[in-house]
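Tertiary structure, described
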Amino acid sequence: MAEDTTIGDEMQLVIFKLGTEEFGVDISQVREIIRVGEITRIPGSPRYVDGVINLRGQVTTVVNLRTRLGLDGKAMDSNARIMIMEVNKNVVGVIVDSVTEVKNLASTQIEPLPEALSSSISSEYIQGVGKLDNRLLILVDLKQVIRDDINAVAHGVTA
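Attention here is on the structure that accompanies the text. Just so it is clear, the model here is predicted, and its values are computed rather than measured.

1. Focus on the environment of T40
Relative to the helices and strands, T40 resides in the loop between β4 (32-35) and β5 (49-55). Along the chain, T40 and G51 lie eleven residues apart, while their C-alpha atoms are 5.1 Å from each other.

2. Section: the pattern of salt bridges
Oppositely charged side chains can form a pair if their charged atoms are brought close together. Counted under the stated rule, the structure contains eight salt bridges. In this structure, E22 engages R135 in a salt bridge whose closest nitrogen and oxygen atoms are separated by 2.8 Å. Placement of E22 in strand β3 (residues 21-26) and of R135 in strand β12 (residues 135-140) is noted, with a sequence separation of 113 residues between them. Classification of R135 by relative accessible area gives partly exposed; the value is 25%. For R31, the salt bridge goes to E86, with nearest N and O atoms at 3.6 Å. You can see R31 sitting in the loop between β3 and β4 and its partner E86 sitting in strand β7 (residues 81-87), a full 55 residues away along the chain. By relative accessible area, which is 38% here, E86 ends up partly exposed. Connected through shared salt-bridge partners, E22, E101, K103 and R135 make up one network.

3. Details of the side chain of T60
Tracing the backbone through its elements, the reader meets T60 in strand β6 (residues 58-64). Here T60 falls in the buried class, since its relative accessible area comes to 0%.

4. Notes on the sheet that holds β6
Pairing within the open sheet is mixed, and its five strands lie in the order β4-β7-β8-β6-β5. For this open sheet the edge positions go to β4 and β5, each flanked by a neighbour on one side alone. Averaged over all adjacent pairs, the angle separating strand axes in this sheet is 35 degrees, with direction ignored. Sheet topology places β5 next to β6; six bridges connect them, and they run antiparallel. Within β6, the residue paired with G51 across the bridge is V62.

Procedures and definitions
Residues numbered from 1 in each chain as written. Predicted model: local features only at pLDDT ≥ 70, side-chain atom pairs only at ≥ 80, totals over all residues. Heavy atoms only, no water. Helix = DSSP H or I, 4+ residues; strand = E, 2+ residues; numbered from the N terminus. Salt bridge = Lys/Arg side-chain N within 4 Å of Asp/Glu carboxyl O. Buried < 20%, exposed > 50% of the residue type's maximum accessible area, 1.4 Å probe, protein only. Pairing = 2+ DSSP bridges. Axes fitted to C-alpha atoms, helices over the stretch in contact; angles between N-to-C directions.

And the structure:
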C-alpha cells in the first residue's frame, strides 16, 4: 500500500457496496464520487467496460466493478455511484452499487487475507480484511484492479 492515506496509525477509507458485501478503498485512490448519468456504450469494448461519460468536457471510461470482479449483474438503481480515479494518467470511473461512508480504520483492525483464499483470489487486488464494529470489509486496491484493463482499452484489446 504505497500511497496510503494514513493518519498516525489509521487508514482513511471510502466504504462501498457490491451486493451485500462491503469493500473499502484508500481514500487517496478516489478523486470524486458522482451519480450515474448517461453512459455511452462503445462497440467492441470489453464486457466490464460499460462505456464512456462526459465528465466536465473530458471523455471518461467507466468500468463496472461487479462485472470486472466476476459478480452477478444487477440493474443500477438510484444508489449506484461512479467513483472517479486516475490510473496511469487516465481518468476512469468505477461503478459500484452504493457508497456508504468514509471511515478511519486502525492498522490493528486490518487482517491479511486468509491463506486458504489467497491462492484463489488475486492477492494483488485484495489488501486484507478490515474489522469494523460487527462488520468485515474487503480492502481492495482499485488501481490494481483496473490498471491492466485501462491499458487494454487504451490499446484496443477486447475481452
